[in-house]
Amino acid sequence: MGRGKVELKRIENPTNRQVTFSKRRNGLLKKAFELSILCDAEIAILIFSPSAKLFQFASHDMDRTVAKYRTEVGLPQSNNQLSRTMEYWRHEMEESKRAIRDLETKLRHLAGEDISSLGMKELRQLERQLRTGVERIRSKKRRMGLEHINLLKRRQRIMQEENTRLKKRLHELHDDHIDGETSSRILEADITFM
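None of the values given here were measured: they were computed from a predicted structure. (Residues numbered from 1 in each chain as written. Predicted model: local features only at pLDDT ≥ 70, side-chain atom pairs only at ≥ 80, totals over all residues. Heavy atoms only, no water.)

**Focus on the overall build of the chain**
Reasoning step 1: Counting secondary structure elements, the chain contains 4 helices and 2 strands.
Reasoning step 2: For the chain, the sequential pattern of α-helices and β-strands runs α-β-β-α-α-α.
Reasoning step 3: Counting every position in the chain, which comprises 194 residues, the buried fraction comes to 10%. (Helix = DSSP H or I, 4+ residues; strand = E, 2+ residues; numbered from the N terminus. Buried < 20%, exposed > 50% of the residue type's maximum accessible area, 1.4 Å probe, protein only.)

Okay, here's the thing in structure tokens:
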């Protein structure tokens, strides 16, 4: 059995009001989280309780989302926000540098370099990655080889058909030439008898 319609007005009892605030706040934050995951949406929620306590959720960086919002609605950015934005981009640069270093290290490991610092678990994982990579490469090579063989077979078939056609044409020309010579000899013979 469903709940009845709730009348939307301020709850007078402070205890009931606080309980409802907590439950609805948690439900709202949960729904925002689910929406951000399911739909890959960028979400930022700020909630101030009646006692001015801040509750927030951001699926991405809160400052970036707020700056994006301010730009979208045409609000000027404050100096404080500008410095936070600069700090955000500095942080992003550091994260990118770290990610590049990590990728370069992984690449060296895949090339068999700098593996002395790896433990047994990392070496096994690296071996699995290499084995998987080799299998993919072999599979691609086989597929490309078969495609090339099929192409060569098609070319061979076309060339054989062309060769057969040319041989047939040559025989026809040869037969026409022999028939022509025979006709010429018969004509010459007829002329000499006259």
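**Here we look at the environment of Asp 114**
Reasoning step 1: With respect to the helices and strands, Asp 114 occurs in the loop between helix H3 (79-110) and helix H4 (120-193).
Reasoning step 2: Among the polar contacts listed, one links the side chain of Asp 114 to the side chain of Arg 108, at a separation of 2.7 Å. (Polar contact = N/O pair within 3.5 Å; in protein donor to acceptor, adjacent residues only side chain to side chain.)

**Some points on unusual backbone geometry**
Reasoning step 1: We note that Asp 40 has phi near 55 degrees; this positive angle belongs to a residue other than glycine.
Reasoning step 2: Summarising the element assignment, Asp 40 is placed in the loop between helix H1 (14-39) and strand E1 (44-48).
Reasoning step 3: According to the relative accessible area criterion, Asp 40 is exposed, its value standing at 65%.
Reasoning step 4: One non-glycine residue, Asp 114, adopts positive backbone phi at about 50 degrees.

**Quick look at the nonpolar core**
Reasoning step 1: Phe 21, Leu 29, Ala 32, Ile 43, Ile 45, Ile 47, Phe 55 and Phe 57 form the largest nonpolar core, which has 8 residues in total.
Reasoning step 2: When contributions to this core are tallied by element, the ones reaching two or more residues are H1, E1 and strand E2 (54-58).
Reasoning step 3: Among all residues touching Phe 57, those that are not within four sequence positions of it are Leu 29, Ala 32, Phe 33, Ser 36, Ile 43, Ala 44, Ile 45 and Met 62. (Core = buried A, V, L, I, M, F, W, Y, C linked by side-chain atoms within 4.5 Å. Contact = heavy atoms within 4.5 Å.)

**Observations regarding helix H2 (residues 62-73)**
Reasoning step 1: End to end, H2 covers 17 Å across 12 residues, agreeing with the expected 16 Å (1.5 Å per residue, within 8%).
Reasoning step 2: Within H2, the full set of buried residues consists of Met 62, Thr 65 and Ala 67.
Reasoning step 3: Downstream of H2 by one or two residues, Gly 74 has phi in the positive range, about 85 degrees. (Expected span 1.5 Å × (residues − 1).)

**Thoughts on the pattern of salt bridges**
Reasoning step 1: All chains considered together, the criterion is met by 12 salt bridges.
Reasoning step 2: Two residues, Glu 34 and Lys 31, come together in a salt bridge whose shortest N-O distance is 3.9 Å. Of this pair, Glu 34 and Lys 31 are both found in helix H1, 3 residues apart, which corresponds to roughly one turn of the helix.
Reasoning step 3: Here the residues in one salt-bridge network are Glu 42, Arg 64 and Lys 68, joined through shared partners. (Salt bridge = Lys/Arg side-chain N within 4 Å of Asp/Glu carboxyl O.)

**Structural notes on the pairing of E1**
Reasoning step 1: Residues Ile 45 and Ile 47 point to one face of E1 and are all buried, whereas Ala 44, Leu 46 and Phe 48, pointing to the other face, are not buried.
Reasoning step 2: Where E1 lies against E2, 5 bridges are found, and the strand directions are antiparallel. Looking at the pairing, Ile 45 lines up with Phe 57 of E2. (Pairing = 2+ DSSP bridges.)

**Remarks on H1**
Reasoning step 1: If you check H1, its first and last C-alpha atoms are 37 Å apart, about what 26 residues at 1.5 Å a residue would give, namely 38 Å.
Reasoning step 2: Of the residues making up H1, those classed as buried are Phe 21, Arg 25, Leu 29, Ala 32 and Ser 36.
Reasoning step 3: Against the buried residues of H1 lie E1 and E2.
Reasoning step 4: For H1, the N-terminal cap is Asn 13; the gap from its side-chain oxygen to the backbone nitrogen of Thr 15 is 2.9 Å.
Reasoning step 5: Note on H1: the residue one or two positions beyond its end, Asp 40, has a positive phi of about 55 degrees.

**Section: the side chain of Ser 49**
Reasoning step 1: Within the secondary structure, Ser 49 is located in the loop between E1 and E2.
Reasoning step 2: One polar contact links Ser 49 to Ser 51, side chain to side chain, over a distance of 3.0 Å.
Reasoning step 3: Not counting residues up to four positions away in its chain, the partners in contact with Ser 49 are Phe 21 and Phe 55.

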